[in-house]
Amino acid sequence: MNRRHWLTGAAATLLASALSACDQARISLAEQARRMGEGLTRRAQRLVIPRDALAPTYDRSQISPDFRANGSIDPAAADYVALKTGGFADYRLIIDGLVGRPLSLSLADLRSRPAQSQITKHDCVEGWTSIGEWTGVRLETLLDEAGLKPEARYIVFHCFDALDQTEGGDRYYESIDLIDARHPQTILAYAMNGQTLPVPHGAPLRLRVERQLGYKHAKYIRRIEAVESFAHIGGGKGGYWEDRGYEWYAGI
């Protein structure tokens, strides 16, 4: 009887292990298929759509009366709280990594560059949209000032906020390639709807990369880093949500 029970248990364990292995294989195949599909979407969009094709723009009359603030809306990190308390007077945007001339820019420095305004639609992966007016400086302008090195392939945005507010929670980060970084509508916004950018929407500085889904539009930017690869940053997938299964290329 004991031997029979043991054999029965062993068979059940082997069956469970086999099923688990099959499940893992299916998950692995699904992940590979998802990544192949994402790459195909990116290549198809880049092949068919001109690199400088613009996202649709709208009239002021179409601006959403209540533009939803999503994700982090008031970072609790001590360095951010200190800057917010001081009205962001001590804020500096750092641009470094694979650049010839690292930059450290105040908000006044950013506002002294040529400003660009655009009224665009924000498409959230959750299914909602809102239209807002954004004013800021083109990212390309700052990258040219910093002088990208030839090996730079991606631009990484390091942020103050952590969606997990517990001690040591991973801070938000995002990345885009140089095609999107140099797109004429890709700006670092410091104003929204004609007013200073509010905290829930990413003060003092947020990314607007208008041909991408909302989670690519990093808020609360503290540092911009030019890199050859983002494999060594965070979970190595190119962004906070990408490390958790979202697509890296979130084109719309």
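Residues numbered from 1 in each chain as written. Predicted model: local features only at pLDDT ≥ 70, side-chain atom pairs only at ≥ 80, totals over all residues. Heavy atoms only, no water.

### Observations concerning the overall build of the chain
This is how it is decided: Secondary structure elements follow DSSP: runs of H or I no shorter than four residues count as helices, runs of E no shorter than two count as strands, and numbering proceeds from the N terminus. Here, residues are in contact when the closest pair of their heavy atoms is within 4.5 Å. Each accessible area is a Shrake-Rupley result for a 1.4 Å probe, and residues are judged covered by the shown protein chains and nothing else.
Across its full length, the chain holds five helices and ten strands. A separation threshold of at least 6 residues defines the contact pool for the chain, and within that pool the share at least 24 residues apart is 69%. Accessible surface for the chain amounts to roughly 13100 Å². Of this, 55% is attributable to carbon and sulfur atoms.

### What to know about the packing of aromatic side chains
Formally: Working definition: a ring pair exists when centres of Phe, Tyr or Trp rings (six-membered ring for Trp) sit within 6.5 Å. Plane angles under 30 degrees give stacked, over 60 give edge-to-face, the rest tilted. A ring is scored as having a charge over it whenever the NZ atom of a lysine or the CZ atom of an arginine sits within 6 Å of its centre and within 35 degrees of its normal.
Tallied over the full model, the rule gives 14 aromatic pairs. Between Y240 and W241, the aromatic rings sit 5.2 Å apart at their centres with planes inclined by 90°, giving edge-to-face as the arrangement. An aromatic cluster is present here, built from Y80, F88, Y91, F160 and Y220 joined pairwise through their rings. Its guanidinium or amino end placed over the ring of Y190, R111 lies 5.3 Å from that ring's centre, counting from NZ or CZ.

### Description of the confidence of the model for the chain
To keep things clear, this is the line we draw: Confidence scores here are pLDDT values: one per residue, from the predictor, ranging 0 to 100.
Residues of the chain with pLDDT of at least 70 account for 79%, and the chain-wide mean is 87. Every residue in residues 1-27 scores below 50 in pLDDT, and together they form zero contacts with partners more than four places removed in sequence or on other chains.

### Focus: the nonpolar core
Condition: Buried Ala, Val, Leu, Ile, Met, Phe, Trp, Tyr and Cys residues form a nonpolar core when they are joined through side-chain atoms within 4.5 Å. Burial status follows relative accessibility: with a 1.4 Å probe on protein chains alone, a residue under 20% of its type maximum counts as buried, one over 50% as exposed, and anything between as partly exposed.
Residues L93, F157, L188, I221 and I224 are the most contacted members of the largest nonpolar core, which totals 42 residues. Looking at this core, the elements with two or more residues in it are α2 (78-85), β1 (93-97), β2 (103-105), α3 (107-112), α4 (139-146), β5 (154-159), β7 (187-192) and β10 (221-227). No other element matches the four residues that α4 contributes to this core.

### Notes on the sheet that holds β2
The line we're drawing: Only when DSSP finds a minimum of two bridges between them are two strands counted as paired. Every axis in this analysis is a line fitted to C-alpha atoms, fitted for helices over the stretch in contact. Angles between the N-to-C directions lie between 0 and 180 degrees.
Pairing in this open sheet of five strands is mixed, and the strands run β2-β1-β10-β5-β6 from one edge to the other. For this open sheet the edge positions go to β2 and β6 (173-177), each flanked by a neighbour on one side alone. Neighbouring strand axes in the sheet, compared pairwise and without regard to direction, differ in orientation by 15° on average. Two strands pair when backbone bridges link them, and β5 and β6 are joined in this way by five bridges, in the antiparallel orientation.

### Observations regarding α4
So the rule is basically this: Throughout, the arc means that of the directions going from the helix axis to the C-beta atoms.
Listed as buried for α4 are L139, E140, L142, L143 and A146. The arc that holds the buried residues of α4, viewed along the axis, is 160°, so those residues lie on one side. After α4 finishes, the residue G147 shows a positive phi value of roughly 75°.

### Details of the side chain of D177
Heads up, the rule is: Polar contacts here mean pairs of N or O atoms no more than 3.5 Å apart (in protein, one a potential hydrogen donor and the other a potential acceptor; neighbouring residues in sequence count only if both atoms are side-chain atoms).
Examined against the element boundaries, D177 turns out to sit in strand β6. By relative accessible area, which is 10% here, D177 ends up buried. Here the side chain of D177 touches I179 through a polar contact of 3.2 Å, landing on its backbone nitrogen. At a separation of 3.1 Å, a polar atom in the side chain of D177 contacts the main-chain amide nitrogen of D180.

### Notes on the pairing of strand β4 (residues 129-138)
In terms of residue burial, β4 counts as a mostly covered element, since eight of its ten residues are buried. In this structure, strand β3 (residues 115-123) lies alongside β4, joined through nine bridges in antiparallel fashion. Considered in β4, the bridge of S117 is made with T135. Connecting the antiparallel pair β3 and β4 is a turn made up of five residues, with G127 showing a positive phi of about 110°. Sheet analysis places β4 next to β7, joined by five bridges and oriented antiparallel. The residue bridging V137 from the neighbouring strand is L188, located in β7.

### A closer look at the pattern of salt bridges
Heads up, the rule is: Each reported salt bridge corresponds to a side-chain nitrogen of Lys or Arg within 4 Å of a carboxyl oxygen of Asp or Glu.
Taken as a whole and assessed by the stated rule, the structure comprises 16 salt bridges. Note that D144 is salt-bridged to R182, the shortest N-O span being 2.9 Å. With D144 in helix α4 and R182 in the loop between α5 (178-181) and β7, the pair connects residues that are 38 residues apart, well separated along the chain. With relative accessibility at 42%, the residue D144 sits in the partly exposed group. Overall, R182 belongs to the partly exposed group, its relative accessible area being 28%. Residue E242 pairs with K216 through a salt bridge whose shortest N-O separation is 3.1 Å.

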